[in-house]
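Breakdown of the fold
Next come the chains, spelled out residue by residue.
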Amino acid sequence: MIFRISHVTIVLLLFSLSVLGQSMKAHFIDIDQADATLLEFECGVVMIDAGSQVFTNSKKSTEKLINYLDAFFERRTDLNKTINTILITHNHYDHNESLNEISDKYKVLNVVSTENYNTNDVQYLINNEEGVEHRYLTYSDALSKKPNGMYYKQIDPFDCDDNGPVIKVFTGMVEIDEPVEVNGHKFYKSHFSNPNNHSLVIKVVYGESSFLFTGDLEDEGIEYLLANYYGNEEIFEADVYQVGHHGSSNATTSELLKVIKPKYAVISAGFSGDRGKGTGWDHGHPNKGVVKMLNEWDTMIKSEMGKKVLVFDGQETEPIEFEVVSNLYCTCWENNVILKADVEGNIEVGNWP
Ligand SMILES: [Zn+2]
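Residues numbered from 1 in each chain as written. Predicted model: local features only at pLDDT ≥ 70, side-chain atom pairs only at ≥ 80, totals over all residues. Heavy atoms only, no water.

**Concerning the sheet that holds strand S3 (residues 44–50)**
- Taken in spatial order, the eight strands of this open sheet run S8-S7-S5-S3-S2-S1-S19-S20, and their pairing is mixed. Of all the strands in the sheet, just strand S8 (133–136) and strand S20 (347–350) have a single pairing partner and so form its edges. Between one strand and the next, the sheet's axes are offset by a mean angle of 15 degrees, whatever the strand orientation.
- The pairing of strand S1 (residues 23–28) with strand S2 (residues 36–41) spans four bridges and is classified as antiparallel. For Phe 28, the partnering residue across the bridge sits in S2 and is Thr 37. (Pairing = 2+ DSSP bridges. Helix = DSSP H or I, 4+ residues; strand = E, 2+ residues; numbered from the N terminus. Axes fitted to C-alpha atoms, helices over the stretch in contact; angles between N-to-C directions.)

This is the structure:
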């Protein structure tokens, strides 16, 4: 028998060889009790949230973020201090407070938010950064594109040939005045009085690796999400879950975990020793119940060695020790957390420069 190798086979083979071993990094940057995640690709970077903790002595953790970004861009000089897009999950200072300083120091090409105006920091960036494109996302827009998600050039601006991500957003600003019923679940305007429940839900796919970010979406917001995407929940499946609302007790439900099926989870929260308003201690983050649930969740990959960590069992209580035996990380335990993911779905956690 004679085997013939077609041109298509050769092209596919060359393509496979060219993408083999390519990887991205997700930098969950330790900026105390606030969120800033830098997604590093070969052809550019995305930031999900750019917050800051504002301490009672008016010290901000923005400095930590800028120092991290300075070191990053010193290493990746090819990126010319350019951030391709910043997605702000919702309008709270621990998710947007550092935008002004970032736009003063680096070139930002796009910004995506869940509010159109009244978001001073997003507005500052738009006013001060020449040529920045802003996209405001609504839930109704997201649902009109169900189940594929919103996929605009401001969300995913990359033109990376074979080695880029696919970034999609599934939610936006919720506009409910009258009570609505969705797949048997009833929702009221009051459920959305907190900006947390307007958080963007963002999925990043890189080859066979995937990440899910739910911002600070709380129980009602998660219920609304799952009710609206009922029957299509597999779109939220992801290898890495950024634990909602800094590991709060009100933002990771078993219904959500059943859908995500996470193998790795990362919490962004402040060091348990910090005291005062707005700290992890003040909020009770990360919560023991959530850490326990993730630690025991059957899809989570177990770690080779257990580690003793500190968690809270309520607000303004003393931290208590807990043993984590799965691939669960927190900026509150290990400072910066960096995950390397390749196109074949291999994920490593390490301390790369
Ligand atoms: Zn938050």
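So that's the structure; there's more coming.
**Thoughts on the coordination of the zinc ion**
- Distances from the zinc ion to its protein donors, namely Asp 94 (OD), His 95 (NE2), Asp 216 (OD) and His 246 (NE2), fall within the range 2.0 to 2.1 Å.
- Angles of 86 to 153 degrees at the metal separate the four donor atoms of the zinc ion, which places the site in the irregular class.
- Counting along the primary sequence, the residues that act as donors to the zinc ion give the motif D-H-x120-D-x29-H. Highlighted residues: His 95 in helix H3 (residues 93–96) and His 246 in the loop between strand S14 (240–242) and helix H8 (254–260), separated in sequence by 151 residues. In this pair, the class of His 95 matches that of His 246, namely buried. (Donors = N, O, S within 2.8 Å, 3.2 Å for Na, K, Ca; no water. Tetrahedral: all angles 85-135°; square planar, octahedral: opposite > 155°, others 65-115°. Buried < 20%, exposed > 50% of the residue type's maximum accessible area, 1.4 Å probe, protein only.)

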